[in-house]
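Structural overview for review
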Amino acid sequence: MEKIMQTTDLVKRFEGHNALNKVNIEIQKGVITGLVGSNGAGKSTLIKTCLGFLTPTEGSSSIFGEDSMKIGATEKNLIGYVPQTVELFNWMKVKDFVKFALSFYDKPEYEKSVYLIEKWKIDTNKRISALSEGQKQKLAIIVAMTHNAELYIFDEPVASLDPLARRQFIDEILNENIESGKTVLFSTHIISDLERSAENLIVLSKGNIIYNGKLIEITDKFKKVSIGTDKTILETLEGEYDFIEYDESKNFVNCIIRNYNENFHKDKLSRFEYYLNDMSIEDIVIHLCKE
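Structural notes, computed from the coordinates. (Residues numbered from 1 in each chain as written. Predicted model: local features only at pLDDT ≥ 70, side-chain atom pairs only at ≥ 80, totals over all residues. Heavy atoms only, no water.)

1. Some details on the nonpolar core
The biggest cluster of nonpolar side chains holds 51 residues, and the ones touching the most others in it are Phe 154 and Leu 201. In this structure, Leu 201 is in contact with Gly 34, Val 36, Leu 194, Tyr 211, Asn 212, Gly 213, Leu 215, Ile 218 and Val 285, ignoring residues within four places of it in sequence. Membership of the second largest hydrophobic core comes to 22 residues, among which are Leu 10, Ile 27, Cys 50 and Ile 63. (Core = buried A, V, L, I, M, F, W, Y, C linked by side-chain atoms within 4.5 Å. Buried < 20%, exposed > 50% of the residue type's maximum accessible area, 1.4 Å probe, protein only. Contact = heavy atoms within 4.5 Å.)

2. So, the sheet that holds strand β1 (residues 3-14)
Ordered in space as β2-β1-β4-β5, the four strands form an open sheet in which the pairing is antiparallel. In this open sheet, the two strands that pair with only one neighbour each are β2 (17-28) and β5 (66-67). As paired elements, strand β4 (residues 58-63) and β5 share two bridges and run antiparallel to each other. Along β5, the bridge assignment pairs Ser 62 with Asp 67. (Pairing = 2+ DSSP bridges. Helix = DSSP H or I, 4+ residues; strand = E, 2+ residues; numbered from the N terminus.)

3. Topic: the environment of Cys 289
Within the element layout of this structure, Cys 289 appears in helix α11 (residues 281-290). Judged by its relative accessible area of 19%, Cys 289 is buried. Residues Cys 289 and Ser 38, spaced 251 residues apart in sequence, show a C-alpha to C-alpha distance of 6.0 Å.

4. Re the environment of Leu 46
Along the chain, the position of Leu 46 falls in helix α1 (residues 43-50). Separated by 39 residues in the primary sequence, Leu 46 and Thr 7 place their C-alpha atoms 9.3 Å from one another. With sequence-adjacent residues up to four places away left out, Leu 46 is seen in contact with Thr 7, Leu 10, Leu 20, Val 23, Ile 25, Leu 35 and Leu 204.

5. Here we look at the side chain of Ser 44
Within the element layout of this structure, Ser 44 appears in helix α1. At 2.6 Å, the side chain of Ser 44 and the side chain of Asp 155 are in polar contact. What Ser 44 contacts, discounting residues up to four positions off in sequence, is Gln 84 and Asp 155. (Polar contact = N/O pair within 3.5 Å; in protein donor to acceptor, adjacent residues only side chain to side chain.)

6. Notes on the pattern of salt bridges
All chains considered together, the criterion is met by ten salt bridges. When the shortest N-O distance is used, the salt bridge between Glu 133 and Lys 136 registers 3.8 Å. Linking Glu 133 with Lys 136, this pair stays in helix α5 (residues 133-144), spanning three residues, or about one helical turn. Residue classification places Glu 133 among the exposed residues on the basis of a relative accessible area of 54%. The exposure class assigned to Lys 136 is buried, which follows from its relative accessible area of 13%. (Salt bridge = Lys/Arg side-chain N within 4 Å of Asp/Glu carboxyl O.)

7. Focus on the sheet that holds strand β6 (residues 79-82)
Within the open sheet, the six strands sit side by side as β6-β7-β8-β3-β9-β10. Their pairing is mixed. Every other strand in the sheet has two partners, leaving β6 and β10 (208-214) as the edge strands with one partner each. Geometrically, the sheet is characterised by an average inter-axis angle of 10 degrees between neighbouring strands, direction not taken into account. The sheet contact formed by strand β3 (residues 32-36) and strand β8 (residues 183-187) spans four bridges and is parallel. Residue Thr 33 lies in a different strand from β8, and its bridge partner there is Leu 185. (Axes fitted to C-alpha atoms, helices over the stretch in contact; angles between N-to-C directions.)

8. With respect to the packing of aromatic side chains
As enumerated under the stated definition, the model contains seven aromatic pairs in all. Look at Phe 100 and Phe 104: their rings are 5.1 Å apart centre to centre, the planes differ by 90 degrees, and that puts the pair in the edge-to-face class. The exposure class assigned to Phe 100 is partly exposed, which follows from its relative accessible area of 35%. Through pairs of rings, three or more aromatic residues link up here, namely Phe 89, Trp 91, Phe 97, Phe 100 and Phe 104. (Phe/Tyr/Trp six-rings, centres within 6.5 Å; stacked < 30°, edge-to-face > 60°.)

Pasting the structure below:
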């Protein structure tokens, strides 16, 4: 598949602290990718560096095959971006702002913008200063999605949206992906939104990639197991199992298995009484982000 965005050993350092630590990702054309991680994990830094807003300390990033620090008008016309904090021109009316913003692009989609504004119930005669935070975020999303972009990048796009608006947003990016093959990268804390829309998942923790793959496969790789034994088993499981807790009253060790393989772990655990349980995507992500 064609690579739309890529990083190679990307490092971004602030005052001696690595906000990104040798990050390697590939965003494939026509794929929706979710980006998750706790606050301060490096999600916004990764997005801004890939867009050329921040200069890499080491390594490189590229969009549409061009170095992120050298992308020009051609590449920018193909990107629809909504930052985590939306700054709009508060003195302008909604209808004037949309026309103004879209005028900078080669292929503005005015009819589509009118459709989305009506669908998302934004009063075009209101000044932006009179809009709620959720409505401002909707407006920024509409502009990003109505100039025939090929790559959408959204940084916490639903943070200020109510549940209905969140669903409308997810439905819209799914439609764009299915009907037009649009590529989407979006960061979020809402795992249910990922489960409804994303094909791939990237998990960041303290500037490091700790999962990068198919969303559907993460539940096959991680399992929770309760083993009927004392703590001495931990030495034999080290490196493959994450110790969660020891239940002294029941003499059980509770662990999380990484890279689960049915035959391997059956052989390893066959001499014990044990219970194997599936984990939700949310539980897996929370576990990974704690590290």
